[in-house]
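Here's the letter readout for the chains.
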Amino acid sequence: MSLRIYNTATRQKEDFVPVDPAAIKMYVCGPTVYNLVHIGNARPVVVFDTLFRVLQYLYDNVIYARNITDIDDKIMKAAAENGEPISALAARYAAEYERDMAQLNALQPTIVPYATEHLEQMIAMTQALVDKGHAYAADGHVLFDVQSMGDYGELSNRSLEDMLDGARVEVAPYKKYAGDFVLWKPSADAEPGWESPWGRGRPGWHLECSAMIEKHLGNTIDIHGGGRDLIFPHHENERAQSQCAHDGEQYVKYWMHNGYINIDGEKMSKSLGNFRTVRELLESFPGEVIRFALLSAQYRSELDFSAELLEQSKASLDSLYGALRKTEEEILPAGPALAASPGFAALMDDLNTPLAISELHQLARTVHKAEPESEEAQSAKGMMLALANLMGLLQEDPETWFQGGAEQDVSWIEALIAERQQAKLDKQYARADEIREELKAKGILLEDSREGTTWKKA
């Protein structure tokens, strides 16, 4: 069974055939760190973390890079408002980003390159583009000449005229053509800047990713991912810079883009004021619930994110963890059976996570129906854990999950449960009921079974 992924460049699903099976190379655009990230920033992290897990299952060596953009006009503006250096603000919010993404069970990428650590590579690539006739210096700027590339626009499937029509293109007298974009721009004395052959300045946004990929992954990579909003102009311009700098050598073999997030049925936007930061959501829901919600729709489709979706995701995870709680610790590993399972087949079909999640629920039903210590229950549990791990789900111990996930003093709960058990033995049923209601009032729900009494947070 081969992995199939939708390639934005060809607008169809294709079998994944790596450039070099000995070293799979994937790059995903990371955040511009000037504030806490919103749920839209989290979707590509969760989507491509899932792909990273699947690729690691399939191949021995997967190199995954996700950058940090730590030089940008938005960062400069926020730092100026705070009266602090851009390096301090960017470092702080990069750390907050990593903290939030870890809460979503995202694995650490192999490489996390920072833009400001690659100025030498950016300047060298810009010079190469000038030397090859694909860029020109004008009025302190260096611009990419889009008309110098015969297939510019191929990724986004747009002609030059289409790109200019209604696009946010800076009209400047120093441009040869309105669609030409900035590789290097001058910095004022009060702005951050670096010395270059064209004067003191800073890189254009598109240039940063091209230089970081060249430095860490080489001229050609297997997969480049990001949100759909990056197809044009960011990824189109990345492709142009890199291929023209390397004499037409293919930059990316498979382009992958996740769909937009809507909030309560409306497109998320600052103008509507319906942005939801990951930190804000983590105050009300465990990170795994947020991750589950993001995986509940196929990654290329739009996702309607709402409190209702989060509640449904929490209930689904409760059901799955409930099945894990039912069986003994010793389980039968999934082994080769995983590769032949319907859930694995779903993930291999362009990351069909909704179908894979459906298979998790089917396995949970098998566990519930079987005897707890039976081979059937243990085998189904092993398959559940193996499949869920490919999606970054069911990462908690079931008891920890139901007890809220955080380290806390639960001795008072256990003491009341013990008192209730003794009251039942003494036939003091009224007192036993009082304890149940007392715990319920404090958000603790009891579940009685043949194996004893367990509890979970409401």
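Refer to the structure printed above.
Only a predicted model underlies this, so the values are computations on that prediction, with no experimental measurement involved.

Participant: Got a minute to help me understand the overall build of the protein chain in this structure?
Facilitator: Across its full length, the protein chain carries 16 helices and 15 strands. Principal axes of the C-alpha set define a box for the protein chain whose edges measure 90 × 50 × 35 Å. Positive and negative side-chain charges in the protein chain, numbering 45 and 71 respectively, have mean positions lying 3 Å apart.

Participant: Any chance you could explain the pairing of strand β1 (residues 4–7) here in plain terms?
Facilitator: Each regular strand displays side chains that alternate between the two surfaces of the sheet. By the alternation rule, side chains of β1 split into Ile 5 and Asn 7, which are all buried, and Arg 4 and Tyr 6, of which none is buried. Note: β1 against strand β2 (residues 12–15), four bridges, orientation antiparallel. Pairing of Arg 4 across the sheet is with Asp 15, part of β2. Counting the residues that bridge the hairpin from β1 to β2 gives four residues, and of these Arg 11 lies at a positive phi of roughly 55°.

Participant: Just checking my understanding: could you explain the sheet that holds strand β11 (residues 261–263) for this structure?
Facilitator: What links the strands of a sheet is backbone hydrogen bonding, and the strands pair in either a parallel or an antiparallel sense. What the three strands build is an open sheet, ordered β12-β11-β13; its pairing is mixed. Of all strands in the sheet, those with a lone pairing partner are β12 (266–267) and β13 (303–305), marking the two edges. Judged from the three bridges that link them, β11 and β13 form a sheet pairing that is parallel. Note on β13: the bridge partner recorded for Ile 263 is Phe 305.

Participant: Explanation requested: the environment of Ile 357 in the structure shown.
Facilitator: Tracing the backbone shows Ile 357 in helix α12 (residues 353–369). Note on Ile 357: relative accessible area 7%, which makes it buried. For Ile 357 and Ala 346, which are 11 residues apart along the polypeptide, the C-alpha to C-alpha distance reads 9.3 Å.

Participant: For this particular structure, what's the right way to read α12?
Facilitator: Residue pairs spaced three or four apart in an α-helix point in one direction, given the helix's 3.6 residues per turn. In a regular helix each residue adds 1.5 Å, so 17 residues correspond to 24 Å; α12 covers 25 Å between its end C-alpha atoms and thus fits that length. Turning to α12, its buried residues are Thr 353, Ala 356, Ile 357, Glu 359, Leu 360, His 361, Leu 363, Ala 364 and Val 367. Lining the buried residues of α12 we find α1 (39–58), α9 (287–295), α10 (307–326), α11 (342–348) and α13 (375–390). At the N-terminal end of α12, a side-chain oxygen is found 3.2 Å from the backbone nitrogen of Leu 355, two or three residues along, and the residue is Asn 352.

Participant: I would appreciate a short explanation of the pairing of strand β9 (residues 221–227) in the present structure.
Facilitator: Summarising burial for β9: seven of the seven residues are buried, a large majority. Where β9 lies against strand β10 (residues 252–258), six bridges are found, and the strand directions are parallel. Bridging across to β10, Gly 226 finds its partner in His 257. Regarding topology, helix α7 (residues 231–245) serves as the crossover connection from β9 to the parallel β10, and that connection is right-handed.

Participant: Looking at this model, I keep getting lost on the pattern of salt bridges. Mind explaining?
Facilitator: Where charged atoms of side chains with opposite charge meet at close range, the side chains can pair. A complete count under the given rule lists 25 salt bridges for this structure. When the shortest N-O distance is used, the salt bridge between Glu 154 and Arg 239 registers 3.3 Å. One end of the pair, Glu 154, is in the loop between β6 (141–144) and α5 (160–164); the other, Arg 239, is in helix α7, and 85 residues separate them in sequence. For Glu 154, a relative accessible area of 46% puts it in the partly exposed group.

Participant: Can you help me understand the sheet that holds β9 in this one?
Facilitator: Reading across the sheet, the four strands line up as β4-β3-β9-β10 and stay open at both edges, with parallel pairing between neighbours. Bordering the open sheet on either side are β4 (62–66) and β10, each of which pairs with just one other strand. Neighbour-to-neighbour, the strand axes of the sheet open up by a mean angle of 20°, direction not taken into account. As defined by bridge partners, strand β3 (residues 24–28) adjoins β4 across five bridges and the pair is classed as parallel. Along β4, the bridge assignment pairs Met 26 with Tyr 64. α7 contacts β9 and β10 of the sheet and is inclined by roughly 160° relative to β9.

Analysis parameters
Residues numbered from 1 in each chain as written. Predicted model: local features only at pLDDT ≥ 70, side-chain atom pairs only at ≥ 80, totals over all residues. Heavy atoms only, no water. Helix = DSSP H or I, 4+ residues; strand = E, 2+ residues; numbered from the N terminus. Lys, Arg positive; Asp, Glu negative; His and termini not counted. Charge placed at Lys NZ, Arg CZ, Asp CG, Glu CD. Buried < 20%, exposed > 50% of the residue type's maximum accessible area, 1.4 Å probe, protein only. Pairing = 2+ DSSP bridges. Expected span 1.5 Å × (residues − 1). Contact = heavy atoms within 4.5 Å. Polar contact = N/O pair within 3.5 Å; in protein donor to acceptor, adjacent residues only side chain to side chain. Right-handed = clockwise from strand over helix to strand, strands pointing away. Salt bridge = Lys/Arg side-chain N within 4 Å of Asp/Glu carboxyl O. Axes fitted to C-alpha atoms, helices over the stretch in contact; angles between N-to-C directions.

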